[in-house]
Amino acid sequence: MSGIDRRARVRDADGRPWAVRVHGTPVEQGDAPLAGLRFELAEGDLLGELRGTGRYLAPDRVTLLPPVMPGKIVGIGSNYRAHAAELGRALPTVPKMFLKPSSAVVGPGAPIELPPGTERVDHEAELALVVGRTLQRVSPAEALDGLAGVTCLCDVTARDLQQLDGVFARAKGFDSFCPLGPWLVRGLDPRDLAVRLHLQRGGAWSTVQDGRSSDMVFGPAELLSFVSGVMTLYPGDVIATGTPAGVGPLVAGDRVQVFVEGVGLLDNPVRNRVDRPEST
Ligand code: ZN
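Residues numbered from 1 in each chain as written. Predicted model: local features only at pLDDT ≥ 70, side-chain atom pairs only at ≥ 80, totals over all residues. Heavy atoms only, no water.

Caption draft 1: Seen up close, the state of the cysteines. Here the structure, examined in full by the defined rule, presents zero disulfides. A disulfide-free cysteine, C152 has its sulfur positioned 10.0 Å from the sulfur of C154, the nearest such atom. (Disulfide = S-S within 2.5 Å.)

This is the structure in structure tokens:
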């Protein structure tokens, strides 16, 4: 046994929510991110003790929900060396924190909606740390013990508004700008995992971001420690740990998949918000 376990929140065909344990090996890329997986109904605490019941939901009758609804999402800017370079930024000497609102969270399969008033909305593939217990001023040495697990996150960013505003709340805060999931994975060491973004445009897939969490300027333990020294972290809170190089614009009709090694694929389509002019 590898000691890795995956758990998700889902809605069944009748609209009822369930916690499930996810069995099988997630695919790393392609049109069918749930291929070969089985969903076992579970009881207990998604962030803690969760027991399978031996009863399964048919995969084609399952809609995945965000694995947690975080009270807050703490983002970290310029935390991969190559990404800081592509934005022309110096490497940070302390973690550069910002907040994304929980209202931006959407689950796997939900559309990323491009709003009016922005000409450039970028994808940022990220490893998300999900907090498992209350953390206040923890040391790096004890920080990882407070982790419930990890998942994938897309830190969608209106790059033009980020530059125009100088602060990030609007650029990173639109509804649907925080796809999260597809499930919470426990037992995975977050310190050296592949983080990728696959983009499907015009029917063809390409891998446009491809990094490793070991290239972070500040690693997972340092981030949990640093953030918890500023604000108390509660169970379900999320830290978006920064993005590797290769960020780029999204257009309506795209399909994006954030891949984190050992987790699987967070798969979301991109469309224009209904009030966005067709010409942009
Ligand atoms: Zn980011």
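Caption draft 2: The arrangement of the environment of L184 in detail. Relative to the assigned elements, L184 resides in strand β14 (residues 178-186). By relative accessible area, L184 is classed as buried at 0%. For the pair L184 and V130, spaced 54 residues apart in the sequence, the C-alpha separation amounts to 7.9 Å. Setting aside its immediate chain neighbours within four residues, L184 contacts D5, R6, R7, L46, L47, P67, V130, A148, G149 and V150. (Helix = DSSP H or I, 4+ residues; strand = E, 2+ residues; numbered from the N terminus. Buried < 20%, exposed > 50% of the residue type's maximum accessible area, 1.4 Å probe, protein only. Contact = heavy atoms within 4.5 Å.)

Caption draft 3: Region of the structure containing the coordination of the zinc ion. Binding of the zinc ion to the protein goes through E124 (OE), E126 (OE) and D155 (OD), at separations of 1.9 to 2.1 Å. Counting gaps between the donor residues of the zinc ion yields the pattern E-x1-E-x28-D. Note that E126 is positioned in strand β11 (residues 125-131) and D155 in the loop between β12 (147-154) and β13 (157-158), a separation of 29 residues in sequence. The class for E126 is buried, based on a relative accessible area of 1%. Look at D155 and you get buried, because its relative accessible area is 1%. (Donors = N, O, S within 2.8 Å, 3.2 Å for Na, K, Ca; no water.)

Caption draft 4: Representation of the domain arrangement of the protein chain in the model. Its domain assignment divides the protein chain into domain 1 (5-64) and domain 2 (66-271). Placing a centre on the C-alpha atoms of domain 1 and another on those of domain 2 gives a separation of 23 Å. On the domain 2 side, the residues contacting the 20 residues of domain 1 number 28 residues. For the pair domain 1 and domain 2, the summed buried area comes to about 1900 Å², and 54% of that belongs to carbon and sulfur atoms. On the domain 1 side of the interface with domain 2, the three residues burying the most area are Q29, L47 and L64, jointly 31% of the side's total. The tally of links between domain 1 and domain 2 comes to two salt bridges. Among the salt bridges present, the one from D5 reaches R186, with a minimum N-O distance of 4.0 Å. (Domains from an automatic or database assignment. Buried area = accessible area lost by both parts, 1.4 Å probe. Salt bridge = Lys/Arg side-chain N within 4 Å of Asp/Glu carboxyl O.)

Caption draft 5: Fine view of the pattern of salt bridges. Counted according to the given criterion, the structure contains 22 salt bridges. Between D5 and R21 there is a salt bridge whose closest N-O contact spans 3.8 Å. Placement of D5 in strand β1 (residues 5-11) and of R21 in strand β2 (residues 17-23) is noted, with a sequence separation of 16 residues between them. Since its relative accessible area comes to 24%, R21 is described here as partly exposed.

Caption draft 6: Quick peek at the sheet that holds strand β15 (residues 194-201). Sheet architecture is open: five strands sit in the order β9-β20-β19-β15-β16, paired in mixed fashion. Whereas interior strands pair on both sides, the edge strands pair on one side only; in this sheet they are β9 (112-114) and β16 (204-212). The average angle at which neighbouring strand axes cross in this sheet is 20 degrees, direction not considered. Relative to β16, β15 is paired through eight bridges, and the arrangement is antiparallel. Within the sheet, the bridge partner assigned to H198 lies in β16 and is T207. (Pairing = 2+ DSSP bridges. Axes fitted to C-alpha atoms, helices over the stretch in contact; angles between N-to-C directions.)

Caption draft 7: The environment of L34, seen in detail. Following the sequence through the fold, L34 ends up in the loop between β2 and β3 (38-44). Note on L34: relative accessible area 26%, which makes it partly exposed. Sequence separation between L34 and F168 is 134 residues, and the spatial gap between their C-alpha atoms is 33 Å. In this structure, L34 is in contact with F39, L64 and W183, ignoring residues within four places of it in sequence.

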